[in-house]
Amino acid sequence: MTVPGWSYRYVGPADLRSLVRPGGGGQSMRSPADFGEWASARTAEELSEPFTFVVDQTRALRLAPRRSEHVVCADGEAVLCAGEISFREESGRWAVNEVSNQSTGYCPDVSSWPALAEALDQAGIVRTSGFTHEVVFRRCPACQQLNIVREEDFVCVFCDAVLPPEWNVDWPGR
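Bear in mind the structure is a predicted one, so any value in this text is a computation, not a measurement.

Another point: the overall build of the chain. When helices and strands are tallied, the chain shows five helices and seven strands. Relative to its length of 174 residues, the chain is compact, with a C-alpha radius of gyration of 16 Å against a globular reference of 16 Å. Overall, the C-alpha framework of the chain stretches about 50 × 35 × 30 Å when taken along its three principal axes. With 174 residues in all, the chain has 44% of them scored as buried.

Here we come to the nonpolar core. Ranked by size, the top nonpolar core spans 26 residues in total, and within it Leu63, Phe87 and Leu116 carry the most contacts. Listed by contribution, the elements that provide at least two residues to this core are α2 (32-40), β2 (51-55), β3 (61-65), β4 (81-90), β5 (93-100) and α5 (113-122). Top element by residues in this core is α5. It accounts for six residues. Apart from the residues lying within four places of it in its own chain, the contact partners of Leu63 are Gly26, Gln27, Met29, Phe35, Trp38, Phe51, Thr52, Phe53, Cys73, Ile85 and Phe87. If you look at the next biggest cluster of nonpolar residues, it comprises 18 residues, including Tyr8, Val11, Val54 and Tyr106.

Moving on: the side chain of Asp56. Structurally, the position occupied by Asp56 is in the loop between β2 and β3. Residues in contact with Asp56, not counting those within four places in the same chain, are Ser28, Arg30, Arg62 and Leu80.

If you walk through the whole model with that rule in mind, you get 10 salt bridges. With a closest N to O distance of 3.7 Å, Arg42 and Glu46 form a salt bridge. The class for Arg42 is partly exposed, based on a relative accessible area of 22%. Salt-bridge contacts for Glu84 lead to Arg66; the nearest nitrogen and oxygen are separated by 3.6 Å. Of this pair, Glu84 sits in strand β4 while Arg66 sits in the loop between β3 and α4 (70-73), and the two are 18 residues apart along the sequence. A single salt-bridge network, built from bridges that share partners, covers Asp56, Arg62 and Asp75.

On to the pairing of β3. For β3, the buried fraction is high: four of the five residues fall into the buried class. Examined bridge by bridge, strand β1 (residues 27-29) and β3 share three bridges and lie antiparallel to one another. Pairing of Gln27 across the sheet is with Leu63, part of β3. Linking β2 back to β3 in an antiparallel pair, the connection comprises five residues, with Arg59 at a positive phi of about 75°.

A separate point is the side chain of Ser86. You can see Ser86 is positioned in strand β4. Since its relative accessible area comes to 8%, Ser86 is described here as buried.

Those residues of α5 not exposed but buried are Trp113, Ala115, Leu116, Ala117, Ala119 and Leu120. Packed against the buried residues of α5 are β2, β3, β4 and β5.

A few words now on the sheet that holds β2. Spatially, the five strands line up as an open sheet ordered β1-β3-β2-β4-β5, and their pairing is antiparallel. Single-partner strands in this sheet number two, and they are β1 and β5. Neighbour to neighbour, the strand axes of the sheet diverge by 40° on average, direction disregarded. Note that β4 and β5 share seven bridges and pair antiparallel. Counterpart to Ser86 in the pairing with β5 is Glu98.

Procedures and definitions
- Residues numbered from 1 in each chain as written.
- Predicted model: local features only at pLDDT ≥ 70, side-chain atom pairs only at ≥ 80, totals over all residues.
- Heavy atoms only, no water.
- Helix = DSSP H or I, 4+ residues; strand = E, 2+ residues; numbered from the N terminus.
- Rg over C-alpha atoms; globule rule 2.2 N^0.38 Å.
- Buried < 20%, exposed > 50% of the residue type's maximum accessible area, 1.4 Å probe, protein only.
- Core = buried A, V, L, I, M, F, W, Y, C linked by side-chain atoms within 4.5 Å.
- Contact = heavy atoms within 4.5 Å.
- Salt bridge = Lys/Arg side-chain N within 4 Å of Asp/Glu carboxyl O.
- Pairing = 2+ DSSP bridges.
- Axes fitted to C-alpha atoms, helices over the stretch in contact; angles between N-to-C directions.

Geometric values such as these leave the question of function open.
Structure below.
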């Protein structure tokens, strides 16, 4: 398990990093007013789909359309958490509908949840108690390929090597 507050560097394809443009990142949600203004500018169709999110190093939630790259949403910077999130309005308040740490560009550990929880609280969004869909990422020590562990089967899909029980996607560079 990683340390709470751990940051994740971008580990995805270099060509996607080249899409980062100054000022082109996701919109920061630092308060309930920020989120309310952002949500009111979205169409019902947009709000029915998940969004790309990151929690940046200032602990702010950043949101971008679903098909946005996480590295673009984060302005190319390291993040505290990343994934996909959807919202619903209930009793006049915004709440998380579903949320995952699914980001193959950053591959955050499931232990990144506290950073997201804090950012959601700051933005005034009612949250779940954890990710509704957890994605377990591991780097194969034998072939160095990134893997998504399914059904607790810690075996590399590329070379059949045993994957470590602890998050290791970016260990060599730390």
